[in-house]
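An overview of the molecular structure
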Amino acid sequence: MFFYRETPSGQNSDSYFSNVSLLLRGNEEAQPVTVNDPIKDDSNNDFAITKYGDAKISNTVYKYGTSSLSFDGNGDYLTAPNNNSFSFGTGDFTMECWTYVTSFGNPPVFIDTRNTSGGAGICLLCNGSGYVT
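Thresholds applied
- Numbers given to residues run from 1 along each chain, matching the order in which its sequence is written.
- Local features in a predicted model are, by the rule used here, given only for residues with pLDDT of at least 70; side-chain atom pairs are given and counted only at 80 or more, and totals for whole chains, interfaces and linings are based on all residues.
- Only heavy atoms go into the side-chain values, all of them from the structure, while hydrogens and water stay out.
- Only DSSP runs of H or I covering at least 4 residues are called helices, and only runs of E covering at least 2 are called strands; the numbering of each starts at the N terminus.
- Residue exposure (1.4 Å probe, protein chains only): buried if accessible area is under 20% of the type maximum, exposed if over 50%, otherwise partly exposed.
- Contacts: residue pairs with any heavy atoms within 4.5 Å of one another.
- The Shrake-Rupley method, run with a 1.4 Å probe sphere, supplies the accessible areas, and residue values consider only the shown protein chains as cover.
- Confidence of the predictor in every single residue is expressed as pLDDT, which spans 0 to 100.
- Nitrogen and oxygen atoms within 3.5 Å of one another constitute a polar contact, given that in protein one can donate a hydrogen and the other can accept it, and given that sequence-neighbouring residues count only through two side-chain atoms.

**Regarding the overall build of the protein chain**
Secondary structure assignment for the protein chain yields zero helices and six strands. When burial is assessed residue by residue, the protein chain has 20% of its 133 residues classed as buried. Sequence-distant contacts in the protein chain: of pairs separated by 6 or more residues, those separated by 24 or more amount to 37%. Carbon and sulfur atoms make up 49% of the accessible area of the protein chain, which totals about 9,000 Å².

If you want it as C-alpha cells, here you go:
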C-alpha cells in the first residue's frame, strides 16, 4: 500500500501507516539535494532502493516538501527487493502516486509489479492521451 498523511508539524498521523509497503516521497531530508543522493523508502520496511538510468532527486518540480523523484523517460526506473509486503492478495489495497508528466511520446509507467519474465502483476501507466490506465 502507498498511503500516508502528515500533520502540519510533519508527524505521521495515519492509523494505517503500519500497513504501508513502500513509501518513496523523494523529499529527502539532506539539503541541498544532489542527484547522487540515495532514494529512501520511508515505510517501516526501509527497503534499499536501486536507481537505474539517471533517475534522481530533483528540486525543480515537486508537490510536497522541497524535492521529488525525477525520471527523464529514457531508461530511468527504481527497484525495490522482492518481498511478501508486495503480495496484496485479493483484499482491498491502495496504490497511489503524484506525477508531473511533460511528454506523452512513450507512455510513462508509474507503478509496475510484474516480474522480469512478464509474470502476473499490476501495471499503472499513462497512455498517449494522458489518461491513467
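Resuming the write-up.
**A look at the confidence of the model for the protein chain**
In this model, the protein chain carries a mean pLDDT of 75, and residues with pLDDT of at least 70 account for 74%. Looking at the elements of the protein chain, mean pLDDT is at its lowest for strand S5 (residues 109-112), recorded as 72, and at its highest for strand S1 (residues 50-52), recorded as 88. In the predicted structure, residues 1-9 sits below a pLDDT of 50 and forms 32 contacts with residues beyond four places in sequence or in another chain.

**Some remarks on the side chain of serine 68**
Locating serine 68 in the fold gives a position in strand S3 (residues 68-70). Here the side chain of serine 68 touches valine 61 through a polar contact of 2.4 Å, landing on its backbone oxygen. Filtering out sequence-adjacent residues up to four positions away, serine 68 remains in contact with Arg25, Gly26, Lys56, Ile57, Ser58, Val61 and Tyr62.

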